[in-house]
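A structural walkthrough
As a plain string of letters, each chain reads:
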Amino acid sequence: MLTPVAATARRWAPNANLASTFPPNGSIPWERFATSDKPLVFNSTSYTARAGTYSFLWGCGYDCYSHRTQCCYPVAQCLIRSGAGGAEWASVKEAGFEAMFEKVLKTGASPDTPPSLLGLWYMRGNIAPPETLFALHDAEWVKTAEGGYIGLKHQSYNWSADATCWGWVWWRFRPAAPFRFEVSPDGNGSE
Amino acid sequence: MSLYHVGKWVNIAGSQQWAYLLQPGDRVTNAQESDATLASWVEESKAGDWMRYSYDDQAQLKGAGGYMYAWEKIAFLDDEGKLKLTPAYQSFLVDVERAKARRAPCGTGCCWSGMQATEALTELSEVQGWQIAPPAPIATMERTMPP
């Protein structure tokens, strides 16, 4: 269901050089993975080892990177309070925080958004700041002939950043080219 | 042929970054230490949440994950266009409010284990910044579709 486009919303600006960013025949060979009916087991050994590496860098230096870093905190607060860069900031301790969810979700949705990706998502356990919350309904989605989906999503929009110096810098200077999302076919495609 | 995996994977950026739509029975293991927090990602996740996971062997989706976290739906619009918050929103609030008891003096984290670092590094900023935008125009996809 399409929802009204917010009057104050900014127009999406895709990168003009996508052809060099994404291979023209880059579809995933999904048939390779349709072979198991067993529950999946995710091994977190490497993940916690990586977190330990971050811990070493953090502990022996200074926390300039985490979701809650205090590095150059006054500068971050100045940038945030001045509205520099055009971002809107909201605190969980204020009523406007959940209202921001509604603004994000009511930007309007691509008609071909995969139903399984509708909504606002929390990257729970993501140790790589400053990304925290994101939406995918605003990506440029198309259905594939096999019943899958391909979408282009720009992280600059409807994708939150921490209120830290790193968060502001990341948000302001993140790569211009959008991410390409490819959802596996549902088995009910037209071919 | 089983279609267990059909419609349940997302590939991100044509790279080793994957997300998987969690199913009953899926679980997290850690061969090195007790890992209740990570396991809870799966146990507490409702159907419809995703596990973002990177495999060592991305061509076969095998091997240990170099990186992982969950995508949990915290809000959506109902059929009448009203905002609805999910139970996962409470997980988000907990991670915002979580005490920093494990943090060593001077804001450092010397001598943490990987699990302690994971817990500390997933404490969240209580302020989030957004740039709101409508959906992208359907103008660039032709160059990214498979032939």
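Up top you'll find the structure we're talking about.
Residues numbered from 1 in each chain as written. Chains lettered and ligands numbered in written order. Predicted model: local features only at pLDDT ≥ 70, side-chain atom pairs only at ≥ 80, totals over all residues. Heavy atoms only, no water.

1. Overview of the overall build of chain A
When helices and strands are counted, chain A shows five helices and eight strands. Each helix and strand of chain A, ordered N terminal to C terminal, gives the series α-β-α-α-β-α-β-β-β-β-β-α-β. The buried share among the 191 residues of chain A stands at 53%. Considering only intrachain contacts with a sequence separation of at least 6, the fraction spanning at least 24 residues in chain A is 70%. Here chain A displays about 8,300 Å² of accessible surface, and carbon together with sulfur accounts for 56% of that area. (Helix = DSSP H or I, 4+ residues; strand = E, 2+ residues; numbered from the N terminus. Buried < 20%, exposed > 50% of the residue type's maximum accessible area, 1.4 Å probe, protein only. Contact = heavy atoms within 4.5 Å. Areas by Shrake-Rupley, 256 points an atom, 1.4 Å probe, with all protein chains shown as cover.)

2. A short note on the state of the cysteines
All names here are of chain A. This model, assessed by the stated rule, comprises one disulfide over all chains. Each sulfur of the disulfide joining C72 and C165 lies 1.9 Å from the other. Taken together, the positions of C72 in the loop between α2 (45-59) and α3 (73-82) and C165 in helix α5 (residues 165-173) put the pair 93 residues apart, joining distant regions of the chain. On the basis of relative accessible area, C165 is assigned to the buried category, the value being 11%. C78 forms no disulfide, and the closest cysteine sulfur to it belongs to C165, at a distance of 9.8 Å. Residue class for C78 comes out exposed when judged on its relative accessible area of 53%. (Disulfide = S-S within 2.5 Å.)

3. Concerning the nonpolar core
Of all hydrophobic cores here, the largest spans 30 residues; its most connected members are A:L117, A:L136, A:W141, A:F181, B:V10, B:W50 and B:W71. Of all the secondary-structure elements, those providing two or more residues to this core are β3 (120-124), β7 (159-162), α5 and β8 (179-183) of chain A together with β1 (9-12), β2 (17-21) and β5 (62-77) of chain B. With residues near it in sequence (within four places) discarded, B:V10 still touches A:W30, A:L117, A:F181, A:E182, A:V183, B:Q17, B:W18, B:A19 and B:W50. By size, the runner-up hydrophobic cluster in this structure holds 20 residues, among which are A:V104, A:Y122, B:A75 and B:A88. (Core = buried A, V, L, I, M, F, W, Y, C linked by side-chain atoms within 4.5 Å.)

4. Overview of the packing of aromatic side chains
One pass over the full model with this rule turns up 12 aromatic pairs over all chains. Note on A:F97 and A:F101: the rings are 5.2 Å apart at their centroids and 65° apart in plane angle, and the pair reads as edge-to-face. Of the two residues, A:F97 and A:F101 both sit in helix α4 (residues 96-105), four residues apart, roughly one turn of that helix. A:F101 carries the same exposure label as A:F97, and that label is buried. Here A:Y122 and B:F92 contribute two aromatic rings whose centre-to-centre distance is 5.2 Å and whose plane-to-plane angle is 80°, an arrangement assigned as edge-to-face. One end of the pair, A:Y122, is in strand β3; the other, B:F92, is in helix α2 (residues 88-97), on a second chain. The pair A:Y122 / B:F92 is uniform in exposure class, with both members buried. (Phe/Tyr/Trp six-rings, centres within 6.5 Å; stacked < 30°, edge-to-face > 60°.)

5. Things to note about the side chain of B:Q128
Positionally, B:Q128 belongs in strand β7 (residues 127-130). Within the local environment of B:Q128, its side chain forms a polar contact with the side chain of A:D162, the two groups lying 3.0 Å apart. (Polar contact = N/O pair within 3.5 Å; in protein donor to acceptor, adjacent residues only side chain to side chain.)

6. What to know about the pairing of β1(B)
Here β1(B) shows no split at all, with B:W9 and B:N11 on one side and B:V10 and B:I12 on the other all buried. Where β8(A) lies against β1(B), three bridges are found, and the strand directions are antiparallel. Pairing of A:E182 across the sheet is with B:N11, part of β1(B). Bridge count for β1(B) against β2(B) is four bridges, and the pairing is antiparallel. The residue of β2(B) that forms the bridge with B:W9 is B:Y20. (Pairing = 2+ DSSP bridges.)

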